[in-house]
Amino acid sequence: MLRSFFIQTVGCQMNALDSELLDAELRRAGYQPAESPRRADIVLFNTCSVRAHAEEKIYSALGRLKNAKQFNPRKIIGVIGCMAQKDRQLIFRRAPQVDLVVGPGRLHRLPLLLRRIADGGGPCLDVSADRSAEKTESLLGSFVPFTPLRVAEHRPVPHQAMVRIMSGCDKFCSYCVVPFVRGPEQSRPAAAIVDEVKRLADAGCLEATLLGQTVNGYKYRAGGRTVALADLLAMLEPIEGLRRVKFVTNHPRHMTDGLLQAVRDLKKASPYLHVPAQSGSDAVLKRMKRGYDAAAYREMLVRIRETVPGAAVTSDFIVGFPGETEEDFRRTVELVRQARFKNSYIFKYSPRPKTKAAELFDDDVPEAVKRRRNNELLAVQNTISLEDNRSLLHRTVEILVEGPSKVALKRTDAGESIQLVGRTVCDRIVVFDGPRKLIGQIVTVRIERVEAFTLFGSTLELTE
Ligand code: 5AD
Ligand code: SF4
């Protein structure tokens, strides 16, 4: 008998991609998507471990499903993704209603495990080996990159696709749990990536976003040749139908001149560079084990601006890292002021088990100070984002129309013309009114009003 499933996803784009791929795999295995977790026979939480807050929210959501099996005794509750790898058996102890715990390196096994549970096999745990206990060689077989074949009819948005080009991370920044939960860095064969993007483009995909924890560190060796990200971008360039290639997330140390030249020279490589700085203080960067100082980051920014003048650069910052003084924080503010990022994501430090920072340093910046620094940095960044967007007023931009805007989704307009949202090649969000049929197309829009995070405009096609 067919069973229904619902996947609830939090966290980064890697998780969003894992959920999309898993959704397709489950449909292929004969399961049907359900409208809500309540109605579903199988509820899967695809989880994030980067900060404690994300984990607590999942434990609360699991708590709300405590009695779900009274109404549906066949219901299967699963925790997958980073928290599954990190907390393992602890999840069964904290939430005994959970039937299934599967790490990000074991997702390929999920259809099989679901069948086992449905056949009465009892609760099931499948996670990769413990990275802090094993050698890299023995870990590789245990963290299996999840790259099932994409099926066009199961894709949610035909015109855009995320494509994994790397999994895992070997950087071990002192605050970060990712190397432990997503395992060793593995670059996917270039030929497999090109093949996947070709298939996606054949099925109508205009924009591919290449994903990796340190995507610009992509390196695949085959036949005595090494393919770097710049080479991969050049290999994707001739793919017919494909119009844009984005890539996230970059590490400052791998921002080579070769890559910047590729972004400058290739028509399809988007001049949008997300390169997290994390801090503007050398002392903090050192304790974070980021492998660069503020001067090196600034030097990289100069190279970006020289080689790709119109590039949109974005960043991540952590405030309240152990030992961060007011002076350290001032240096971060100074960097944000100078760098003129298009936008920055700002996070309050959250100690993560197993990481060096949690082992070595006290979480000694009080919550109120973290909050104040977060708000202050955000205010500085928002002013810059707004000024930056103002430079686009009355100009025309090309956008890929993604779908109805949040406002339009809330209304149930039956009309053909609705509020739509799209993105520029630099990842700027643009909202405008237009017919639904523009969804999935690249159109030209004139910008008439701007906010810090959104541009508002109207389509030239309709007005002229
Ligand atoms: N606490 C707070 N923020 C973190 N990040 C990663 N680990 C932590 C942590 N322990 C942030 C970094 C990273 C982004 C994805 O999340 O800024 O770039
Ligand atoms: Fe985490 Fe650093 Fe790897 Fe990014 S580069 S995933 S911050 S360890």
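Residues numbered from 1 in each chain as written. Chains lettered and ligands numbered in written order. Predicted model: local features only at pLDDT ≥ 70, side-chain atom pairs only at ≥ 80, totals over all residues. Heavy atoms only, no water.

**Quick look at the overall build of the chain**
Now for step 1: Counting its regular elements, the chain contains 18 helices and 21 strands.
Now for step 2: Its C-alpha atoms give the chain a radius of gyration of 23 Å, within 12% of the compact-globule value 23 Å for 464 residues.
Now for step 3: Referenced to the eigenvectors of the C-alpha coordinate spread, the extents of the chain come out at roughly 60 × 55 × 55 Å.
Now for step 4: Contacts in the chain between residues far apart in sequence, at least 24 positions, make up 71% of those at least 6 positions apart.
Now for step 5: The centroid of the 71 positive side-chain charges in the chain is displaced by 3 Å from the centroid of its 55 negative side-chain charges. (Helix = DSSP H or I, 4+ residues; strand = E, 2+ residues; numbered from the N terminus. Rg over C-alpha atoms; globule rule 2.2 N^0.38 Å. Contact = heavy atoms within 4.5 Å. Lys, Arg positive; Asp, Glu negative; His and termini not counted. Charge placed at Lys NZ, Arg CZ, Asp CG, Glu CD.)

**Regarding the site of ligand 1**
Now for step 1: Taken together, Val50, Arg51, Tyr175, Gln278, Asp316, Ile318, Phe347, Lys348, Tyr349, Ser350 and Arg352 make up all the residues around ligand 1.
Now for step 2: Interatomic distance of 2.6 Å between a side-chain N/O atom of Asp316 and an oxygen atom of ligand 1.
Now for step 3: Elements that contribute at least two residues to the shell around ligand 1 include exactly strand E15 (312-319) and strand E16 (344-348).
Now for step 4: Split into classes, the residues belonging to the shell around ligand 1 amount to five nonpolar, two polar and four charged. (Near = heavy atom within 4 Å. Polar contact = N/O pair within 3.5 Å; in protein donor to acceptor, adjacent residues only side chain to side chain. Nonpolar A, V, L, I, M, F, W, Y, C, P; charged D, E, K, R; others polar.)

**Description of the sheet that holds strand E2 (residues 32-33)**
Now for step 1: Strand order in this open sheet of six strands is E2-E1-E3-E4-E5-E6, and the pairing throughout is parallel. Edge positions in the sheet fall to E2 and strand E6 (124-126), since each has one partner strand and no second.
Now for step 2: Against the sheet, helix H1 (residues 13-28) makes contact with strand E1 (4-9), E2, strand E3 (42-47) and strand E4 (76-81), and its axis sits at roughly 175° relative to E1, the strand it touches most.
Now for step 3: This element, helix H2 (residues 52-64), spans E3 and E4 of the sheet and lies at about 170° to E3. (Pairing = 2+ DSSP bridges. Axes fitted to C-alpha atoms, helices over the stretch in contact; angles between N-to-C directions.)

**Focus on the pattern of salt bridges**
Now for step 1: For the structure shown, the criterion picks out 41 salt bridges.
Now for step 2: One salt bridge in this structure joins Arg39 and Glu35, with 3.3 Å as the shortest N-O distance. Taken individually, Arg39 and Glu35 each receive the classification exposed, so the pair is uniform in this respect.
Now for step 3: Ionic pairing is found between Asp363 and Lys370, a salt bridge with its closest N-O pair at 2.9 Å.
Now for step 4: For Asp363, a relative accessible area of 37% puts it in the partly exposed group.
Now for step 5: For Lys370, a relative accessible area of 3% translates into the label buried. (Salt bridge = Lys/Arg side-chain N within 4 Å of Asp/Glu carboxyl O. Buried < 20%, exposed > 50% of the residue type's maximum accessible area, 1.4 Å probe, protein only.)

**Thoughts on the packing of aromatic side chains**
Now for step 1: Following the criterion strictly, the structure yields seven aromatic pairs and no others.
Now for step 2: Their ring planes at 40° and their centres at 6.1 Å tell us that Tyr292 and Tyr297 sit as a pair that is tilted. Each member of the pair, Tyr292 as well as Tyr297, is classed as buried.
Now for step 3: Their ring planes at 70° and their centres at 6.2 Å tell us that Phe321 and Phe361 sit as a pair that is edge-to-face. (Phe/Tyr/Trp six-rings, centres within 6.5 Å; stacked < 30°, edge-to-face > 60°.)

**Some points on the sheet that holds strand E21 (residues 454-459)**
Now for step 1: Around the barrel, five strands lie side by side as E17-E18-E19-E21-E20; this closed barrel has mixed pairing. Strand-to-strand twist of the sheet, defined as the mean angle between neighbouring strand axes without regard to direction, takes the value 50°.
Now for step 2: Relative to E21, strand E20 (residues 442-450) runs antiparallel, the two being bridged by five bridges. The residue of E21 that forms the bridge with Ile447 is Gly457.

**Overview of the side chain of Arg88**
Now for step 1: Mapping Arg88 onto the fold places it in the loop between helix H4 (82-87) and helix H5 (89-94).
Now for step 2: Among buried Asp, Glu, Lys and Arg side chains, Arg88 stands out as unpaired, with Asp130 the closest opposite charge at 4.7 Å.
Now for step 3: Polar side-chain contacts of Arg88 include one of 3.3 Å to the backbone oxygen of Ser128.
Now for step 4: Other than its neighbours up to four places away in sequence, Arg88 contacts Met83, Val101, Leu125, Val127, Ser128, Ala129 and Asp130.

**So, the domain arrangement of the chain**
Now for step 1: Domain parsing of the chain yields domain 1 (4-127), domain 2 (152-390) and domain 3 (396-459).
Now for step 2: In this structure, domain 2 and domain 3 have C-alpha centres spaced 26 Å apart.
Now for step 3: Across the contact, 19 residues belong to domain 2 and 21 residues belong to domain 3.
Now for step 4: For the pair domain 2 and domain 3, the summed buried area comes to about 1700 Å², and 55% of that belongs to carbon and sulfur atoms.
Now for step 5: It is His159, Arg244 and Asn389 in domain 2 that bury the most area against domain 3; as a group they hold 35% of the surface buried on that side. (Domains from an automatic or database assignment. Buried area = accessible area lost by both parts, 1.4 Å probe.)

**Here's the deal with helix H13 (residues 294-307)**
Now for step 1: Over its 14 residues, H13 extends 20 Å from the first C-alpha to the last, a length consistent with the 20 Å expected when each residue adds 1.5 Å.
Now for step 2: Along H13, the residues that are buried comprise Ala294, Tyr297, Met300, Leu301, Arg303, Ile304 and Thr307.
Now for step 3: Looking at the buried positions of H13, the neighbouring elements they touch are helix H11 (257-265), strand E14 (272-274), helix H12 (282-288), E15 and helix H14 (326-339). (Expected span 1.5 Å × (residues − 1).)

**As for the nonpolar core**
Now for step 1: With 68 residues, the main nonpolar core has Ile165, Leu210 and Leu232 as its most contacted residues.
Now for step 2: Top contributing element to this core by residue count: helix H9 (residues 190-202), with six residues.
Now for step 3: Discounting chain neighbours no more than four positions away, the residues touching Ile165 are Gln186, Ser187, Arg188, Ile193, Leu210, Leu211, Val215, Tyr218, Leu229 and Leu232.
Now for step 4: Core analysis: the next-biggest nonpolar cluster, separate from the first, contains 25 residues, Leu114, Ile117, Phe146 and Met162 among them. (Core = buried A, V, L, I, M, F, W, Y, C linked by side-chain atoms within 4.5 Å.)

**Some points on the site of ligand 2**
Now for step 1: The full set of residues close to ligand 2 is Cys169, Lys171, Phe172, Cys173, Tyr175, Cys176, Val178, Pro179, Gln213, Thr214, His251 and Arg290.
Now for step 2: Here the shell around ligand 2 is composed, by residue class, of seven nonpolar, three polar and two charged.

**Points about the environment of Ser279**
Now for step 1: Position of Ser279 relative to the elements: it lies in the loop between E14 and H12.
Now for step 2: For Ser279, a relative accessible area of 1% corresponds to the buried category.
Now for step 3: Filtering out sequence-adjacent residues up to four positions away, Ser279 remains in contact with Val284, Leu285, Met288, Phe317, Thr332 and Leu335.
Now for step 4: At 3.0 Å, the side chain of Ser279 forms a polar contact with the backbone nitrogen of Ser281.

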